[in-house]
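# Descriptive analysis of the structure
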Amino acid sequence: MLRRAASILAISALVLLVAGMGISAQADVIVIGEIAALTGPTAQQGLQERNGAVLAVEEINAAGGVLGKQIKLITYDFKGQPAEGVSVYRKLVQQDKAVVIVGTNFSNVNLAMAPVAEQLKVPVLSNAMEPAVTTPEPGKVNKYHFLAQPSSIEQGAIVARYALDELKFKTAACLVNKGNSFATSQAEAFRDYFNANGGKVLDYIEVPAGAVDFKAQLTKIKASNPDCIYIPQYAQEAGLQVKQARELGITAVVLGANTLGVPPFVEAAGSNAIVAGTYFINNVHFGDPRLADFMARYEKRYGEPVITTNVFFGYDNVYIIKAAIEKAGVAEPEAIRTALENTKDVKILQGAGTITLDPNTHRPVDMPAWIFKWEADGTTVPMTLMYP
Amino acid sequence: MLELKKVNVRYGAIQALKDVNLRVERQTIVALIGANGAGKSSLLNAVSGIVPYTGEISWNGKLLPHHPPAIVRAGVAQVPEGRQVFSNLTVYENLLAGAYVNWSKQRIEKNIERVFSLFPRLKERASQSAGTMSGGERQMLAIGRGLMSEPSLLLIDEPSLGLSPILTTEVLALIQQVNEQGVTVLLVEQNARKSLEIAHRGYVLQNGKVVMEGTGRELLNDPAIQEAYLGVSGCA
Amino acid sequence: MLFQQIVNGISVGSMYALLAVGFSLVYNILGIANFSHGAMIALGAFFSYWIARYLAVPVPVAILASIAFTGLSSALVELVTLRILRKRGQGSLYFFIASLTVFNLVTAVLVYISRGNIVSYPRAFLSGTFTIGNLYIPWIDAGMLLISIVCLAVLSYVMFKTRFGLAVRAASFSIKAAQLMGMDIDAIIQGVFFVSGTLAGVTGALLGVKYAVYPYIGNFVYMALFACVVGGLGNLTGAVLGGLLIGLLETLVSAYISSAISPALTFAFLVVILLLRPQGLAGRATEEKI
Ligand SMILES: Nc1ncnc2c1ncn2[C@@H]1O[C@H](COP(=O)(O)OP(=O)(O)OP(=O)(O)O)[C@@H](O)[C@H]1O
Ligand SMILES: [Mg+2]
């Protein structure tokens, strides 16, 4: 019995070894690893993110590749679990010999991956907005982690500034999922900016992760009657919160994160009428004429329209990597890392069209985002492009 | 007539009944005596179909099925050891539970009247929770409940358990009365003397085997029985 | 604000109550915590959603169909797990594990089918709110309270006025004695699973309407367990009281202490109850079964 188990183990080890050699033997390809949410509640975003990355890789390879080599993209699902994110990061580095990794836009996942990346020394370009992903403490930067969109501090502050300056609100309440650093980091930034610039956050309420009933918290918010409520949660959770707020007769304007521009938000809220008048932030404005050509290319390639911003995460990240490899002149993790750190004016689709990373924070410098509003007819209208 | 042929009951490694043969003629009382663990309750439970057995058990010439509801419908009811009245139900509901297999309004009313005339106590307590009744009252209720299915054969397991000698005599007299109304009775008793006194015949069970049988009087006068089972009588 | 919070609490609590009663029914007769109840909550939510969406029937019809479906599913679970274990003479621990397995299996399948998505009903049902003075009462909450009252009334009729109910109560005291009365214990247990499944189904469907339909919605079964323990395991009235109490407690703690700590405080409350009154708030010390 034991002996049979041992021989099975030995054979599988051998198979793995041969498979590993097979991959590393292809020295004429550059392996880029991607980690995305291919299953679970955000699968639609994750699948479109992969589509975006694949499209970029196809374009680059068709045009001759990078440094004369073809790019090979390997995508793994992190199954909604930070631990699984760490495990597939290791797999990409150790087994697939990826020289650089893209993903994710889940702060909890990248927070878990960050220390491991520091050990294995293969850089990660992510969209995880929580600042601690790249700067675990003030003055310290994770050498191998980079962010390719405005951080949650910037996004929270932008929304707060919009509420104060454009919507002329004086008071606000925050309802925030305590179990999600994506939400808490934005809510804290919103609160701090709002309070520091003449407004007053009347209630700052944390709810436990996984809650579906927010009536108790919303009733409290209703009693303090703020001008607006900031709910930087994921789409479906935020949808439930808007629905329940309206059920309680709360009329305050709702503001949210870049997760609210998708149909699941409306579906969870119940109807277009319920979400009408809700504002949210996003890096991309799908109707921007500058993007029209890309939108058409994407739809042609996949037979489905661009629905989520993640398409742009996937697509832009690959181009930022391409620029870094070209700058480095060699497809080695350490050289790519150094080049990423010095990313300057690289052309992308999001924001205002270019990205520059700050070597001290590994986050973008002055990258703007749009404020959108949900209309009663189920469309989203861009209000303004705001710089941090 | 109740007839058991080569009945065996086992619980895993324990064999509780070994090739038991036993007969109970119609409208008689048969007493089944034996020490603790002899297999008396197992025998009744085999007849009631709530423990698996091999061998044949027939009532009035027809093999009894192994399915408890069918057995009760065939006219065989049991008043179990420890009474097992439903103490979460009222006295009245306990009687209703006993009438489960012949659930018709008229029959229930008729049978309840019959039980109340046997045990007037129960009538007074009809709407009281059975859990609040005394031991003797519970025994009466258990017997009354057993009669609600209009059984032709009543299996009664240790009715004297926990009762004073006076109450025991009273309960046994009631059983005799039930028998006189035409119900065949198989009575398990630790109190061998009193039960053999009212029984037409008796069987002695020892380690799962029938070791002796005879009329009530024969067994009462048997020296071996006197030594083994009657010496302790009266101390129940 | 206090009155509004009480309304919120009762609305949540009425659902816990309904769940707890179904949970308690099975506990009563078999003495086991039946976690497949959670699977029935989730199936109730998904089936009524699927029927409403894909067969395009009105939501109430979809809910009724899904209740029948969960009742049958629950009876089926009894047949393929408990029945077999019971015939083999396996202990209640095995059933506890089997029921937990069914719960996790159904959740996993629903995660797979729905890809973990949260979805809402295509057509509004009991949407909107009415007001009484300062109180905002969503129609769905009022509807739920009403439906729980109706369900509890029907259930208490069944339990106290029918032959089946009598058998269930008798078997809850002693399966052996019930069998001696000629009660078909297999059929009764299956009937209890059916009834408990319908209660889980109606709650699951309504929870789906109130919040949204998502695969982990079955986790509400834990609230049913808490409610039962607080009210006194095996006591149907206690289950209802326990459900209302936990709903209120949760809401009031969230409102006046801290919502982030409310689950922790609910657990703490449970522990205190277990220490001070192990028989639950409504329970009496159990009687000897002799
Ligand atoms: N469910 C069971 N599982 C295992 N063994 C059992 C079971 N029921 C009875 N036994 C065993 O079978 C044997 C006969 O038990 P039974 O209850 O029939 O005896 P009894 O004659 O009724 O005894 P008592 O006078 O104490 O009631 C005993 O050894 C008992 O331990
Ligand atoms: Mg016995």
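Predicted model, so just to flag it, every value in this text is computed and none were measured.

### A closer look at the interface of chain B and chain C
Counting residues at the interface gives 25 residues for chain B and 20 residues for chain C. When chain B packs against chain C, the two sides together hide about 2,300 Å² of surface, and 62% of this comes from carbon and sulfur. The largest per-residue losses of area from chain B upon contact with chain C belong to B:Gln84, B:Phe86 and B:Tyr100, which jointly make up 28% of the total buried on that side. At the boundary of chain B with chain C, the tally comes to one salt bridge. Note that B:Glu93 and C:Arg169 form a salt bridge whose closest N and O atoms lie 2.8 Å from each other. If you look at where chain B meets chain C, you find four residue pairs in polar contact (both at pLDDT 80 or more). Every element with two or more residues in the side of chain B that touches chain C is listed here: helix H1 (40–48), helix H2 (68–73), helix H3 (91–98) and helix H6 (135–147) of chain B. When the residues that make up the side of chain B that touches chain C are grouped by side-chain class, the tally is 13 nonpolar, nine polar and three charged.

### Some words on the pairing of strand E7 (residues 200–207) of chain A
Residues and elements named next belong to chain A. By the bridge criterion, seven bridges tie strand E6 (residues 171–177) to E7 in an arrangement that is parallel. Residue Asn177 lies in a different strand from E7, and its bridge partner there is Val207. Note on the crossover from E6 through helix H6 (residues 181–196) to E7: the handedness is right-handed.

### Points about the coordination of the magnesium ion (ligand 2)
Residue and element names in this part refer to chain B. Only Ser41 (OG), Glu81 (OE) and Glu81 (OE) from the protein reach the magnesium ion (ligand 2) as donors, at distances of 2.0 to 2.7 Å. Placement of the pair is Ser41 in helix H1 and Glu81 in the loop between strand E6 (76–79) and H3, with a sequence separation of 40 residues. Classification of Glu81 as partly exposed rests on a relative accessible area of 32%.

### Quick look at the side chain of A:Asn180
All names here are of chain A. In this structure, Asn180 sits in the loop between E6 and H6. Of note is the side chain of Asn180, whose polar atom sits 3.0 Å from the backbone nitrogen of Phe182. Contacts of Asn180, omitting those with residues within four sequence positions, involve Asn108 and Tyr234.

### Here we look at the interface of chain C and chain A
Taken together, the 31 residues of chain C in the interface contact 27 residues of chain A. Carbon and sulfur atoms supply 54% of the area that chain C and chain A bury against each other, a total of about 2,300 Å² over both sides. In this structure, the connection of chain C to chain A is made through three salt bridges. Residue A:Asp213 is joined to C:Lys210 by a salt bridge in which the shortest nitrogen-to-oxygen separation is 3.8 Å.

### Things to note about the site of ligand 1
Residue and element names in this part refer to chain B. Not every one of the 14 residues close to ligand 1 is listed here, only the nearest: Gly37, Lys40, Ser41, Ser42 and Glu81. Separating an oxygen atom of ligand 1 from a side-chain N or O atom of Asn36 is a distance of 2.8 Å. Between ligand 1 and Glu81, the relevant distance is 2.6 Å, taken from an oxygen atom to a side-chain nitrogen or oxygen of the residue. Protein contact buries 62% of the 630 Å² of open area that ligand 1 shows by itself.

### Looking at the domain arrangement of chain A
Residue and element names in this part refer to chain A. The assigned domain composition of chain A is domain 1 (24–150 + 289–355) and domain 2 (153–282 + 370–386). Across the boundary between the two partners, domain 1 contributes 14 residues, which contact 16 residues of domain 2. Across the interface of domain 1 and domain 2, roughly 1,300 Å² is buried in total on both sides, 55% from carbon and sulfur atoms. By the criterion of area lost to domain 2, the three top residues of domain 1 are Asn108, Met129 and Pro150, representing 33% of everything that side buries. Our count for the contact surface shared by domain 1 and domain 2 stands at five residue pairs in polar contact (both at pLDDT 80 or more). Here the side of domain 1 that touches domain 2 gets three residues from one element, more than from any other, and that element is helix H4 (residues 107–120). Taken together, the residues of the side of domain 1 that touches domain 2 break down into seven nonpolar, six polar and one charged.

### Some words on helix H4 (residues 105–118) of chain B
Residues and elements named next belong to chain B. The end-to-end C-alpha distance of H4, which contains 14 residues, comes to 20 Å, matching closely the 20 Å that a straight helix rising 1.5 Å per residue would cover. Taken together, the buried positions of H4 are occupied by Ile108, Asn111, Ile112, Val115, Phe116 and Leu118. All buried residues of H4 lie within an arc of 155 degrees about the axis, which places them on one face of the element. Those residues of H4 that are exposed and angled more than 90 degrees off the buried face are Gln106, Lys110 and Ser117. Lining the buried residues of H4 we find H3, helix H5 (120–124), H6 and helix H7 (165–180).

### Observations regarding the packing of helix H10 (residues 236–256) of chain C against helix H11 (residues 262–276) of chain C
Residues and elements named next belong to chain C. Between H10 and H11, the shortest axis-to-axis distance is 9 Å and the interhelical angle comes to 135 degrees. Judged on the interaxial angle alone, H11 and H10 are oblique. Taken as a pair, H10 and H11 cross one another with a handedness that is right-handed. Contacts between H10 and H11 involve Leu245, Ile246, Leu249, Glu250, Val253 and Ser254 from the first element and Ser262, Leu265, Thr266 and Phe269 from the second.

### What about the sheet that holds E6(B)?
All names here are of chain B. Strand order across the open sheet formed by six strands is E6-E7-E8-E3-E9-E10, with mixed pairing between neighbours. Whereas interior strands pair on both sides, the edge strands pair on one side only; in this sheet they are E6 and strand E10 (209–215). In this sheet, adjacent strand axes meet at a mean angle of 15 degrees when their direction is disregarded. Sheet analysis places strand E3 (residues 29–34) next to strand E9 (residues 201–206), joined by five bridges and oriented parallel. Note on E9: the bridge partner recorded for Leu32 is Tyr203. The strands touched by H6 within the sheet are E6 and strand E7 (153–157), with E6 carrying the most contacts at an inclination of about 170 degrees. In the packing of helix H10 (residues 223–230) onto the sheet, contacts are made with E3, E9 and E10, and the angle to E9 comes to roughly 65 degrees.

### Description of the nonpolar core
Core analysis: the biggest nonpolar cluster contains 171 residues, and A:Phe265, C:Met183 and C:Phe220 have the highest contact counts within it. Within the second largest apolar cluster, 40 residues are counted, among which are A:Val57, A:Ile60, A:Ala148 and A:Leu349.

### Some thoughts on the sheet that holds strand E4 (residues 54–59) of chain B
All names here are of chain B. Overall, antiparallel pairing links the four strands, which are arranged E2-E1-E4-E5 in an open sheet. Only two strands of the sheet have a single partner each, and these edge strands are strand E2 (14–24) and strand E5 (62–63). With five bridges joining them, strand E1 (residues 2–11) and E4 adopt antiparallel strand pairing. Bridge pairing in E4 places Asn8 opposite Thr54.

What counts as what
Residues numbered from 1 in each chain as written. Chains lettered and ligands numbered in written order. Predicted model: local features only at pLDDT ≥ 70, side-chain atom pairs only at ≥ 80, totals over all residues. Heavy atoms only, no water. Contact = heavy atoms within 4.5 Å. Buried area = accessible area lost by both parts, 1.4 Å probe. Salt bridge = Lys/Arg side-chain N within 4 Å of Asp/Glu carboxyl O. Polar contact = N/O pair within 3.5 Å; in protein donor to acceptor, adjacent residues only side chain to side chain. Helix = DSSP H or I, 4+ residues; strand = E, 2+ residues; numbered from the N terminus. Nonpolar A, V, L, I, M, F, W, Y, C, P; charged D, E, K, R; others polar. Pairing = 2+ DSSP bridges. Right-handed = clockwise from strand over helix to strand, strands pointing away. Donors = N, O, S within 2.8 Å, 3.2 Å for Na, K, Ca; no water. Buried < 20%, exposed > 50% of the residue type's maximum accessible area, 1.4 Å probe, protein only. Near = heavy atom within 4 Å. Areas by Shrake-Rupley, 256 points an atom, 1.4 Å probe, with all protein chains shown as cover. Domains from an automatic or database assignment. Expected span 1.5 Å × (residues − 1). Arc of directions from axis to C-beta. Axes fitted to C-alpha atoms, helices over the stretch in contact; angles between N-to-C directions. Parallel < 35°, antiparallel > 145°, perpendicular 65-115°, else oblique. Left-handed = near helix turned anticlockwise from the far one by under 90°. Core = buried A, V, L, I, M, F, W, Y, C linked by side-chain atoms within 4.5 Å.

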